[in-house]
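# Coordinates in review
What follows is the residue order along each chain.
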Number of protein chains: 2
Amino acid sequence: MLDSINIILSHTSHPGNIGAAARAMKTMGLSKMILVKPKNFPSFEATVRASKADDVLSEARVFETMDDALKEFTVIVGCSARSRHLDVPVLTAREISEKIVTDYHSQSVAVMFGTENAGLTNEELSRCHYHVYIPANPDYSSLNLASAVQLISYELRVAVLGNSAKDIEGEKVERVTAEQMEGFYQHLEQTLVDTGYHNRDHPKMLMSRLRRIYNRVTPDNSEMQILRGILSSIQKTLNKQ
Amino acid sequence: MLDSINIILSHTSHPGNIGAAARAMKTMGLSKMILVKPKNFPSFEATVRASKADDVLSEARVFETMDDALKEFTVIVGCSARSRHLDVPVLTAREISEKIVTDYHSQSVAVMFGTENAGLTNEELSRCHYHVYIPANPDYSSLNLASAVQLISYELRVAVLGNSAKDIEGEKVERVTAEQMEGFYQHLEQTLVDTGYHNRDHPKMLMSRLRRIYNRVTPDNSEMQILRGILSSIQKTLNKQ
């Protein structure tokens with residue numbers, strides 16, 4: 001899945017940043033780079049900075065306009081320092097990564113980054129379905145382009161592969177599927193109806209708030225068994241009495 | 001709290017990396033850098049790469065040996081590519097950040113990074129209470145030093161300040177305190193005893209597994225209200241019947 005997410009760099013000025021972004025992507029398992037009108041590409045400097053991620057550069061696609069680059073994508077995310085002037089949802093790097101994994105895993109997704117100095121243009125931002133924001137120090141938020149690509153790629157990797165030590169060892173990644181999460185949410189909702197906490201006729205956003213909470217857990221199989229076991233034990237105790 | 005966490009760079013070869021690490025730290029609100037026997041410092045190249053984070057460089061402390069650098073610290077974390085040969089717990093960047101915030105917020109914490117080529121030495125790793133691991137692509141895990149510092153600093157920032165859009169706006173960070181989390185765990189445990197799922201005489205690690213699950217949530221106040229409300233409604237329904 002990581003391999004299907006495209007990173008778009010728009011009008012990048014410094015070729016070194018293109019190379020460093022390629023390296024950042026590859027360390028996190030991303031490989032699909034798109035360049036919209038780069039100032040200088042291909043270039044020796046980009047290749048040097050890419051280190052052994054030069055395969056990402058050689059497979060990068062280059063377009064003259066953002067319009068051409070975006071044609072194939074159904075979900076477009078723009079990285080923005082802070083843009084509340086447009087009517088587009090703003091999510092953090094972690095939130096958008098979880099959203100992409102949960103809601104858009106079968107879609108074609110692009111995450112775009114603007115120029116080093118000015119970021120994305122308003123025109124580019126208006127093409128996005130979401131804006132993503134890296135929560136940086138408000139007094140010094142000057143992340144360079146490759147660092148921004150690094151952090152977003154990292155969050156995408158963790159959202160896809162999970163974050164437990166077990167996952168890391170590469171032995172048995174047992175993170176539950178979206179379908180299992182759905183089963184859990186149905187079980188949770190029914191239990192909350194049984195206890196009287198939740199009223200399906202007056203839901204008051206409860207389930208969507210609970211989804212936000214539990215999506216952050218990204219449980220593995222044995223953790224899901226505990227969560228489901230607790231729900232079952234509550235239901236059983238209610239029925240017994 | 002971020003301001004009290006020290007980043008130690010050991011025997012760094014390239015001054016540019018020291019500057020880039022300073023920039024990475026400052027974008028995430030960290031400011032305390034310690035250099036152990038850097039090859040070349042202070043240097044013009046480091047200052048240039050630090051951009052406007054040169055205050056981090058000018059306040060950096062330089063030591064001749066790691067022993068001297070570590071004297072003041074009670075919790076020492078070493079960044080390691082993969083080290084299972086030593087009997088030290090290995091956590092991901094996210095796990096260690098949550099642990100520092102939850103368990104060690106009042107202690108003096110240092111996170112150390114080794115050389116660009118070889119990382120930390122075994123001797124340095126053996127001085128650590130924890131090893132931290134960035135979950136990178138196993139086929140290409142070549143994160144550069146500043147990128148590693150960037151990712152760890154980012155995870156520390158998110159662990160301290162939370163990750164919701166509300167936090168980001170800097171308006172009202174309402175992330176719950178460690179004490180409130182403790183209250184929640186006690187309430188959760190009592191509820192699970194009431195339903196019969198949990199037996200305090202045969203605990204089977206249940207509560208520590210649940211802590212691992214819910215620590216990942218880092219709820220804000222209103223989310224905590226929902227979680228506590230659910231527990232209370234279960235207890236009430238059990239008592240009523």
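Counting starts from 1 at the beginning of each chain's written sequence and moves along it residue by residue. Starting at A for chains and at 1 for ligands, labels are handed out in the order in which the entities are written. With the structure being a predicted model, the display of local features is reserved for residues of pLDDT at least 70 and the display and counting of side-chain atom pairs for 80 or more, all residues being used for whole-chain, interface and lining totals.

### Observations regarding the relation of the copies chain B and chain A
- The fit set for superposing copies consists of C-alpha atoms from residues with pLDDT of at least 70 in both; the fit itself is least squares. Here chain B sits on chain A after a turn of 180° about the axis and a move of 0.0 Å along it, with an RMSD of 0.2 Å. The relationship between the two copies is best expressed as a two-fold rotation axis.

### Examining the pairing of strand E6 (residues 109–113) of chain B
Residue and element names in this part refer to chain B.
- Burial is judged by counting other C-beta atoms within 10 Å of a residue's own C-beta: 20 or more means buried, 12 or fewer means exposed, and anything between counts as partly exposed, with every C-beta placed from the backbone. Here a strand is any run of E in DSSP of at least two residues, a helix any run of H or I of at least four, and the numbering for each starts at the N terminus. In terms of burial, E6 is largely enclosed, as five of its five residues are buried.
- The rule for pairing is simple: two strands pair if DSSP sees at least two bridges between them. Both strand E1 (residues 6–10) and E6 contribute to a ladder of four bridges, which runs parallel. For Leu9, the partnering residue across the bridge sits in E6 and is Phe113.

### A few points about the sheet that holds E1(B)
All names here are of chain B.
- One open sheet accounts for seven strands, arranged E3-E2-E1-E6-E4-E7-E5; its pairing is parallel. Of all the strands in the sheet, just strand E3 (61–63) and strand E5 (90–92) have a single pairing partner and so form its edges. Sheet twist, expressed as the mean angle between neighbouring strand axes with direction ignored, is 30°.
- Sheet topology note: the E1/strand E2 (residues 32–36) ladder contains five bridges and is parallel. Working convention: axes come from line fits to C-alpha atoms, limited for helices to the stretch in contact. Angles between N-to-C directions cover 0 to 180 degrees.

### A look at the domain arrangement of chain A
- An automatic or database domain assignment provides the domain bounds reported here. Parsing chain A into structural domains produces domain 1 (2–161) and domain 2 (178–240).
- If you average the C-alpha positions of domain 1 of chain A and of domain 2 of chain A, the two centres end up 35 Å apart.

### Topic: the interface of chain B and chain A
- By definition, residue pairs are in contact when their C-beta atoms, positioned from the backbone, come within 7 Å. With 52 residues of chain B at the interface, the matching set in chain A holds 52 residues.
- Mapped onto the side of chain B that touches chain A, the elements with two or more residues apiece are helix H1 (15–27), E5, helix H7 (145–161), helix H8 (165–168), helix H9 (178–195), helix H10 (206–215) and helix H11 (221–240) of chain B.
- Here the element with the most residues in the side of chain B that touches chain A is H11(B); it accounts for eight residues.
- Residues are grouped as follows: Ala, Val, Leu, Ile, Met, Phe, Trp, Tyr, Cys and Pro are nonpolar; Asp, Glu, Lys and Arg are charged; every other residue, Gly included, is polar. For the side of chain B that touches chain A, the per-class residue count stands at 27 nonpolar, 17 polar and eight charged.

### Focus on the sheet that holds strand E6 (residues 109–113) of chain A
Residues and elements named next belong to chain A.
- The strand order across the open sheet built from seven strands is E3-E2-E1-E6-E4-E7-E5, with neighbouring strands paired in parallel fashion. Strands with a single pairing partner mark the edges of an open sheet, and in this sheet they are strand E3 (61–63) and strand E5 (90–92). Sheet twist, expressed as the mean angle between neighbouring strand axes with direction ignored, is 30°.
- Packing of helix H5 (residues 93–103) onto the sheet brings it into contact with strand E4 (75–79), E5, E6 and strand E7 (130–133), and relative to E5 it is tilted by some 95°.

### Focus on the pairing of strand E1 (residues 6–10) of chain A
All names here are of chain A.
- Of all five residues in E1, five are buried; the element is thus mostly enclosed.
- Residues Asn6, Ile8 and Ser10 line one face of E1 and the alternating positions Ile7 and Leu9 line the opposite face, and both faces are buried.
- Think of it like this: strands point away, you trace from the first strand over the helix to the second, and a clockwise trace means the crossover is right-handed. For the crossover from E1 across helix H1 (residues 15–27) to strand E2 (residues 32–36), the handedness is right-handed.

### Quick notes on the confidence of the model for chain A
Residues and elements named next belong to chain A.
- The pLDDT value expresses, per residue, how confident the predictor is, ranging between 0 and 100. When the pLDDT values of chain A are averaged, the result is 88; 93% of them are 70 or greater.
- Under a pLDDT of 50 for its full length, residues 166–173 has, in the predicted model, 14 contacts with residues more than four places off or in other chains.
- Interface predicted TM-score (ipTM) for the complex: 0.72; the corresponding pTM is 0.73.

### Quick look at unusual backbone geometry
- Pro42(A) follows Phe41(A) through a cis peptide bond whose omega is -5°.
- Here Pro42(A) lies in the loop between E2 and helix H2 (44–50).
- Phi is positive for His11(A), close to 50°, though the residue is something other than glycine.
- With respect to the element layout, His11(A) can be found in the loop between E1 and H1.
- Positive phi values are uncommon outside glycine, yet Ser51(B) reaches one of about 55°.
- By the secondary structure assignment, Ser51(B) is in the loop between helix H2 (44–50) and helix H3 (54–58).

### Brief notes about H5(A)
Residues and elements named next belong to chain A.
- Counting buried positions along H5 gives eight out of eleven residues, so the element sits mostly inside the fold.
- Along H5, the residues classified as buried are Ala93, Arg94, Glu95, Ile96, Ser97, Glu98, Ile100 and Val101.
- Against the buried residues of H5 lie E4, E5, E6, E7, helix H7 (145–161) and helix H10 (206–215).

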